[in-house]
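What follows is each chain in one-letter form.
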Amino acid sequence: MPSTSSPNSGNTSSEKPAIVVHDVSKSFKIKHANSFKEAFVSKLRGEETTTQFQAVNHVSFEVPAGQSVAVMGRNGSGKSTTLKMISGVLRPDTGWIRIRGRVAGLLEVGAGFNPNLTGRENVYLNAAILGMSKEETDARFEDIHEFSELGEFIDTEVKQYSSGMYSRLGFSVAAHTEQDVLLVDEVLSVGDAAFRKKCTARMLEMRSHGKTMFIVSHSTSQVRQLCDRGIVLQQGKLVFDGPIEEAIEMHESSVSDSDRRLQRGSKRPFVAAESHERFMRNHPDAYGAPLGAPAVVEENGGGLIQECVTGLVVTSNELRVSQGLRNGAFQRAYAAAGGPAGEWGFLVGKIQVMDQEGLRALRFQNGTAYFRPETEEIDFVNETA
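Residues numbered from 1 in each chain as written. Predicted model: local features only at pLDDT ≥ 70, side-chain atom pairs only at ≥ 80, totals over all residues. Heavy atoms only, no water.

Draft legend 1. Quick peek at the packing of aromatic side chains. What the rule picks out here adds up to eleven aromatic pairs. For the ring pair Tyr124 and Phe141, a centre distance of 5.8 Å and an interplane angle of 25° mean the geometry is stacked. Taken together, the residues Tyr124 in helix H3 (residues 119-129) and Phe141 in helix H4 (residues 134-148) connect sequence positions 17 residues apart. Owing to a relative accessible area of 24%, Tyr124 belongs among the partly exposed residues under this scheme. A connected cluster of aromatic rings, assembled from ring pairs, spans Tyr334, Trp344, Phe364 and Phe380. The aromatic ring of Phe147 is capped on one face by Lys198, whose charged end is 4.5 Å from the ring centroid. The ring of Tyr287 has Arg326 sitting right over it, with the charged end atom 5.4 Å from the ring centre. (Phe/Tyr/Trp six-rings, centres within 6.5 Å; stacked < 30°, edge-to-face > 60°. Helix = DSSP H or I, 4+ residues; strand = E, 2+ residues; numbered from the N terminus. Buried < 20%, exposed > 50% of the residue type's maximum accessible area, 1.4 Å probe, protein only. Lys NZ or Arg CZ within 6 Å of the ring centre and 35° of its normal.)

Draft legend 2. Representation of the sheet that holds strand S15 (residues 360-364) in the model. Here four strands make up an open sheet; going across it, the order is S14-S15-S16-S17 and the pairing antiparallel. With partners counted over all chains shown, the strands left at the sheet margins are strand S14 (352-353) and strand S17 (377-382), one partner each. Relative to strand S16 (residues 367-372), S15 is paired through five bridges, and the arrangement is antiparallel. Counterpart to Phe364 in the pairing with S16 is Gly367. (Pairing = 2+ DSSP bridges.)

Draft legend 3. View of the sheet that holds strand S12 (residues 311-316). Spatial ordering of the open sheet is given by S10-S11-S12-S13, a layout of four strands whose pairing is antiparallel. Only two strands of the sheet have a single neighbouring strand rather than two, namely strand S10 (295-297) and strand S13 (321-326). Averaged over all pairs of adjacent strands, the angle between strand axes in this sheet comes to 25°, irrespective of strand direction. In terms of strand pairing, S10 meets strand S11 (residues 303-308) through three bridges, oriented antiparallel. Looking at the pairing, Ala295 lines up with Ile305 of S11. Of the strands in this sheet, S12 and S13 touch helix H10 (residues 329-336), which is tilted by about 115° from S13. (Axes fitted to C-alpha atoms, helices over the stretch in contact; angles between N-to-C directions. Contact = heavy atoms within 4.5 Å.)

Draft legend 4. Inspection of the pattern of salt bridges at higher detail. For the structure on display, the rule yields twelve salt bridges. Residue Lys198 is joined to Glu149 by a salt bridge in which the shortest nitrogen-to-oxygen separation is 2.7 Å. Here the residue Lys198 occupies a position in helix H6 (residues 193-208), and Glu149 occupies one in the loop between H4 and helix H5 (163-176), the gap between them amounting to 49 residues. Between Asp241 and Arg229 there is a salt bridge, with the nearest N and O atoms lying 2.8 Å from each other. With a gap of twelve residues between them, Asp241 in strand S9 (residues 237-243) and Arg229 in strand S8 (residues 229-234) connect regions that are remote in the sequence. Arg229 shares its class with Asp241; the two are buried. (Salt bridge = Lys/Arg side-chain N within 4 Å of Asp/Glu carboxyl O.)

Pasting the structure below:
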């Protein structure tokens, strides 16, 4: 079993680890064509229609029982993928993972909920999935309900919930059920400051009771308060594992260094105008005719935006990527939020369908937007707060 350093953790070597991640790798295939026509044209031009993205690259570590560990890194460094593999949502391509004890996970807004059931019914469903009996859940239900602050909405179908209500209920269930390991992935960025403060207090209480916590967060103040140890990932590789203060320093240093490299330019300089023009050329019919020349954006690392007849195209200097968005609910909400110059930042990915009820998600530079078709509402989860 691999050995992972855990300085100043206060755990003895005789304790069996709660989490073991051994030589784990995970990659994804990224498609660059949205239709058969685009794929055909790209093939004729000799362009690649897919690329392989290495999200996690030969990562190994152990987490002793009772330790609180923060996983840090820039967007796309492999943090959430690692957490999903530990939770069992994803399977590693190579390597193996072992967990000792009962695991409760808070991986994303609405994860694990049946949208057609009420909040009350979902509490019992999630508790049953965690291996709890009805009697055990009965004994804890009032505490869960009170902590969530949902009041009478506990008997409303959760598909009517906002992202903040999802987060409240999800955390309340995870924090009050009988578990040995708690996995948290940035979900606490949703909701008001008072509730986030209450969640932090609850996690500190769980930590004092010897629960193992594995937390993905961009908030250095939060992980400094909750965690003993920090793991830093860069481009899917583990680059640091040690005391939390040193991990925070390493993470902040890597972010600053990366920003400086982008500003100076690398061996292959990124030219926003060239990337933007290439994207438009490769997607001639996707967003309609341009309504004008690309406009310069100064905020969020800088870049370009171009309005088109049926959508818009943005290019980010910091993310070194161009991406398009067709007219619709996401586009209207994005424009209302200030576009790439606003809170959401530049567009990162494509729209993804999250469940059978049609919940859709779209990644942006500073977080994720969720669209609920039954209410036609869009909630933005800021992941940089």
